[in-house]
Amino acid sequence: MNKKILITGIGAIVVLAGIIAAVILWPDDEPYDYDLSEYVKVGDYKGLDYSIAEVSVTDDEVQTEIDSRLQAAATTETVREGTVEDGDTINVSYSGTIDGEEFEGGSSESYDITVGTTQMIDGFVEGLVGHEIGDNVTLNLKFPDDYSSEDVAGKDVVFDVTINYKSVQVVPELDEDFVKENSDVDTVDEYRDYVRDELLAQKESDADMDAKEALWNEVIANSEVISYPEEEYEAAKAAADDIEAQYKSQAESYGMEWDDFLESYLGMSQEDFDESKKQYADDTVLQEMVTYYIAREENLEVTDKEFKEYLEDTLESAGYTEDTFQQSFGQTIEEYAEDNQWKIALLLDKVLDKIMEYGNQVDASDSTAE
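All values reported here derive from a predicted model rather than from experimental measurement.

Definitions and limits used
Residues numbered from 1 in each chain as written. Predicted model: local features only at pLDDT ≥ 70, side-chain atom pairs only at ≥ 80, totals over all residues. Heavy atoms only, no water. Helix = DSSP H or I, 4+ residues; strand = E, 2+ residues; numbered from the N terminus. Buried < 20%, exposed > 50% of the residue type's maximum accessible area, 1.4 Å probe, protein only. Core = buried A, V, L, I, M, F, W, Y, C linked by side-chain atoms within 4.5 Å. Patch = residues over 30% accessible without salt bridge, like charges linked within 9 Å, V, L, I, M, F, W, Y side chains within 5 Å. Areas by Shrake-Rupley, 256 points an atom, 1.4 Å probe, with all protein chains shown as cover. Salt bridge = Lys/Arg side-chain N within 4 Å of Asp/Glu carboxyl O. Lys, Arg positive; Asp, Glu negative; His and termini not counted. Charge placed at Lys NZ, Arg CZ, Asp CG, Glu CD. Phe/Tyr/Trp six-rings, centres within 6.5 Å; stacked < 30°, edge-to-face > 60°. Lys NZ or Arg CZ within 6 Å of the ring centre and 35° of its normal. Axes fitted to C-alpha atoms, helices over the stretch in contact; angles between N-to-C directions. Parallel < 35°, antiparallel > 145°, perpendicular 65-115°, else oblique. Contact = heavy atoms within 4.5 Å. Nonpolar A, V, L, I, M, F, W, Y, C, P; charged D, E, K, R; others polar. pLDDT = per-residue confidence, 0-100. Arc of directions from axis to C-beta.

## Considering unusual backbone geometry
In this model, Asp99 sits at a positive phi of 55°, which is unusual for a non-glycine residue. Examined against the element boundaries, Asp99 turns out to sit in the loop between β4 (89-98) and β5 (101-114). For Asp99, a relative accessible area of 75% puts it in the exposed group. Phi angles above zero are rare outside glycine, and Asn299 is one such case at about 55°. Tracing the backbone through its elements, the reader meets Asn299 in the loop between α8 (270-297) and α9 (304-318).

## Some remarks on the nonpolar core
One finds Trp216, Val219, Val290, Ile294, Trp342, Val351 and Ile355 to be the most contacted residues of the largest nonpolar core, which totals 44 residues. Core analysis: the next-biggest nonpolar cluster, separate from the first, contains 22 residues, Phe103, Phe124, Leu128 and Val161 among them.

## A look at the environment of Asp67
Inspection of the secondary structure puts Asp67 in helix α3 (residues 59-72). Between the C-alpha atom of Asp67 and that of Thr118, which follows or precedes it by 51 residues, the distance is 28 Å.

## So, a negative patch on the surface
There is a patch of like negative charges on the surface, built from Glu309, Glu312, Asp313, Glu316, Glu322, Asp323, Glu334, Glu335, Glu338 and Asp339. Elements with a contribution of two residues or more to the negative patch: α9, α10 (322-329) and α11 (333-339). Here Asp323 lies in helix α10.

## Side note on the packing of aromatic side chains
Enumeration over the complete set of coordinates arrives at 29 aromatic pairs. Their ring planes at 15° and their centres at 5.9 Å tell us that Trp258 and Phe261 sit as a pair that is stacked. Highlighted residues: Trp258 and Phe261, both in helix α7 (residues 258-266), separated by 3 residues, approximately one helical turn. For the pair shown, Trp258 and Phe261 are each scored as buried. An angle of 20° between the planes, with centres 4.9 Å apart, marks the rings of Phe261 and Tyr265 as stacked. Of this pair, Phe261 and Tyr265 both sit in helix α7, 4 residues apart, which is roughly one turn of that helix. For Tyr265, a relative accessible area of 48% gives the class partly exposed. Here the aromatic residues Tyr94, Phe103, Tyr111, Phe124, Phe143, Tyr147 and Phe159 are joined through ring pairs into a cluster of three or more. Between Lys46 and the ring centre of Tyr358, over which it is positioned, the NZ or CZ distance is 4.8 Å. It is Lys354 that lies over the ring of Tyr358; its NZ or CZ is 5.7 Å from the centre.

## As for the side chain of Gln287
In this structure, Gln287 sits in helix α8. Classification of Gln287 by relative accessible area gives buried; the value is 10%.

## Let's talk about the packing of helix α6 (residues 230-253) against α7
Put simply, α6 and α7 touch, their axes get as near as 10 Å, and they point 100° apart. Taken together, α6 and α7 sit at an angle that is classed as roughly perpendicular. Between α6 and α7, the residues in contact are Glu244, Tyr247, Lys248, Gln250 and Ala251 and Trp258, Phe261 and Leu266, respectively. Residue composition of the contact of α6 with α7, by class: 5 nonpolar, 1 polar and 2 charged.

## Focus on the confidence of the model for the protein
Parts of the model with low pLDDT should not have their predicted coordinates read in detail. In the predicted model, the protein carries a mean pLDDT of 89, and the fraction of residues at 70 or more is 90%. Across the protein, the element-wise mean pLDDT spans from 33 in helix α1 (residues 3-9) up to 98 in strand β1 (residues 40-41). Overall, residues 1-18 carries pLDDT values under 50, and its contacts beyond four positions in sequence, including any with other chains, amount to 30 contacts. Throughout residues 20-28 the model reports pLDDT below 50, and contacts reaching past four residues in sequence, or to other chains, amount to 30 contacts.

## A closer look at the pattern of salt bridges
Under the criterion given, the structure shown has 16 salt bridges. A salt bridge links Asp349 to Lys212; the nearest nitrogen and oxygen atoms lie 3.4 Å apart. Of this pair, Asp349 sits in helix α12 (residues 342-358) while Lys212 sits in helix α5 (residues 188-221), placing them 137 residues apart in sequence. The buried category is assigned to Lys212, whose relative accessible area is 5%.

## What to know about α7
Looking only at α7, the buried set comprises Trp258, Phe261 and Leu262. With its buried residues spanning 100° around the axis, α7 presents them on a single face. α7 presents Asp259, Glu263 and Ser264 as exposed residues on the side facing more than 90 degrees away from its buried surface. Where α7 is buried, its residues meet α6 and α8. Taken from the residues just after α7, Gly267 is the one with a positive phi, measuring 65°.

## Quick notes on the side chain of Lys277
For Lys277, the position within the fold is in helix α8. In this structure Lys277 comes out as buried when scored by relative accessible area, which is 16%.

Shown next, in the form of structure tokens:
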């Protein structure tokens, strides 16, 4: 079980949450609990034209996905024979001596090395390449003059090394055993069709979401703020300030001045960043007001029962129990959903469905979504 699986299972929610410009944690179950027509003039959301791009899945895409799934199912095995080669991950034990005496930090009973990646003093890793697993190797080396420990810097050292084993990644074959263990079908040919159907369903879902997003952007573009409600706007500004604080913490961890970080990583001046924060708050409150306005006009809501069933389905499809989810994410799925605004995203999904229901689908023959 992993987070990637969960994210795949909630892909639509992630996209929908992204349509709304920010994540704001509201203290009340029902924000904007007043007449929104006094604050926003919502653009026409009925009778809008939209197109859904035609999609298909190629054989190459199916094979790439299968290769990815096989790689994800790979296991690591311990091998106690063979030769150490570039790229191998090996386990060694070693003892280092200077003038015949062992020194602090110079020995280990078990140490993993990836040849070509793991950094040791010059000659240590290189001196093991070509030797057999199980060999005892003596390495006569010298610590660099600028080595971090002054006690050994510039001194000759002898390492007695035993190559214990190598770790080898074993990728499963695409056979009936793999197919039966990882799908609801029995044969390799059926599995290829199974993967194709999943990829096609995802592409169709993405194309549908793209069409909804285009409709939503049109509604927002044609909507007009009369005035921003103070409480919600201050909350949006606070959320923008939190984002700035996170960026500043990141800059500090990089040892950078804030202005340098802004320019190097965000391509902004402080004035630009302040303007982006204001736009962030403006967009967030506008989009949330439009969401709740249309939902109320159309009598749309996410009931507690619907939300509970959604959370249960998400756990099941992702392969989690409530306990294993909490162990992996450090919080309950209810807390996770609240922090990530799943409920408003589900409400927005209903709003988008309604806008599409009122819309006019036009020919998408010139669209591509592959």
